[in-house]
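So you can see what is in the structure, the chains are spelled out below.
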Amino acid sequence: MVETRAITVEKVLPYPADRIWRTLTTSELLMKWLMPNDFQPTVGHKFIFRTKPMGDWDGVVHCEVLDCEPPRLLRYSWKGGADTNPDYGSKLDSVVTWRLTPVEGGTHVQMVHDGFVMPGNQFAFDMMSPGWGRIVDAIGRVTAEA
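Colleague: Tell me about the overall build of the protein chain, residues and numbers included.
Modeller: When its secondary structure is counted, the protein chain shows three helices and six strands. Once the C-alpha set of the protein chain is aligned to its principal axes, its extents read approximately 45 × 30 × 25 Å. Across the 146 residues of the protein chain, 47% fall into the buried class. If you take every contact in the protein chain between residues at least 6 apart in sequence, the share linking residues at least 24 apart comes to 51%.

So this is what it looks like as structure tokens:
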């Protein structure tokens, strides 16, 4: 039986949504908390993230902006990995969704990375779960500096 799982991270950051939005959607700032990229906040824009290759995977994550409603919703596809990497670097076809909600004292940030098909994406799920938590913290640091 195929099971699909999602990583969800939620945190309140002490900044207004428009400042966090800028950190999420400006390519140079995005590079500081995630990876080098050619992101543009336009629905339909295809972009890539680049990271260290793993096995037969070239380290490129292919993405497309699916929704962009400043400063509250950003959703993009996330496709990478290789069919020949059965464990680490396995093929992943997923979606990342960011929701920003103003709250007293800042903005509630919710990130959902959905579409991990088990058991094939178990390694990616296990590695990325704590990673996304650290990334949301890094968004806070980059937003403070920007």
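That shown, we press on.
Colleague: Quick one: what's the story with the pattern of salt bridges, residue by residue and with numbers?
Modeller: If you walk through the whole model with that rule in mind, you get four salt bridges. One salt bridge connects Asp137 with Lys11, and the closest N-O pair in it is separated by 2.3 Å. A residue pair is termed long-range when its members are at least 10 positions apart, and Asp137 in helix α3 (residues 122-145) and Lys11 in strand β1 (residues 3-13) qualify at 126 residues. The class for Asp137 is partly exposed, based on a relative accessible area of 30%. Judged by relative accessible area, Lys11 falls into the partly exposed class, the value being 33%. The shortest N-O distance in the salt bridge between Asp93 and Lys79 comes to 4.0 Å. Of this pair, Asp93 sits in strand β5 (residues 92-103) while Lys79 is found in strand β4 (residues 73-80), placing the two residues 14 residues apart along the sequence. The exposed category is assigned to Asp93, whose relative accessible area is 52%.

Colleague: Residues and numbers for the environment of Asp114, please.
Modeller: Here Asp114 lies in strand β6 (residues 106-118). Accessibility expressed as a relative area gives 37% for Asp114, which makes it partly exposed. Sequence separation between Asp114 and Thr8 is 106 residues, and the spatial gap between their C-alpha atoms is 8.3 Å. Not counting residues up to four positions away in its chain, the partners in contact with Asp114 are Thr4, Arg5, Ala6, Ser94 and Val95.

Colleague: Can you tell me about the sheet that holds strand β2 (residues 46-50), naming the residues and giving the values?
Modeller: The antiparallel open sheet is built from six strands, whose spatial order is β1-β6-β5-β4-β3-β2. Each of the sheet's edge strands pairs with one partner strand only, and the pair in question is β1 and β2. Averaged over all pairs of adjacent strands, the angle between strand axes in this sheet comes to 25°, irrespective of strand direction. This element, helix α1 (residues 17-25), spans β1, β3 (60-69), β4, β5 and β6 of the sheet and lies at about 160° to β5. Packed onto the sheet, α3 meets β1, β4, β5 and β6 and runs at close to 15° relative to β1.

Colleague: Let's hear about the pairing of β2: which residues, and what values?
Modeller: Regular strands have side chains that alternate between both faces of the sheet. Only one face of β2 is covered, namely the one carrying Phe47 and Phe49; the face carrying Lys46, Ile48 and Arg50 has none of its residues buried. Direction of pairing for β2 relative to β3: antiparallel, over a ladder of five bridges. Note on β3: the bridge partner recorded for Phe49 is Val61.

Thresholds applied
- Residues numbered from 1 in each chain as written.
- Predicted model: local features only at pLDDT ≥ 70, side-chain atom pairs only at ≥ 80, totals over all residues.
- Heavy atoms only, no water.
- Helix = DSSP H or I, 4+ residues; strand = E, 2+ residues; numbered from the N terminus.
- Buried < 20%, exposed > 50% of the residue type's maximum accessible area, 1.4 Å probe, protein only.
- Contact = heavy atoms within 4.5 Å.
- Salt bridge = Lys/Arg side-chain N within 4 Å of Asp/Glu carboxyl O.
- Pairing = 2+ DSSP bridges.
- Axes fitted to C-alpha atoms, helices over the stretch in contact; angles between N-to-C directions.

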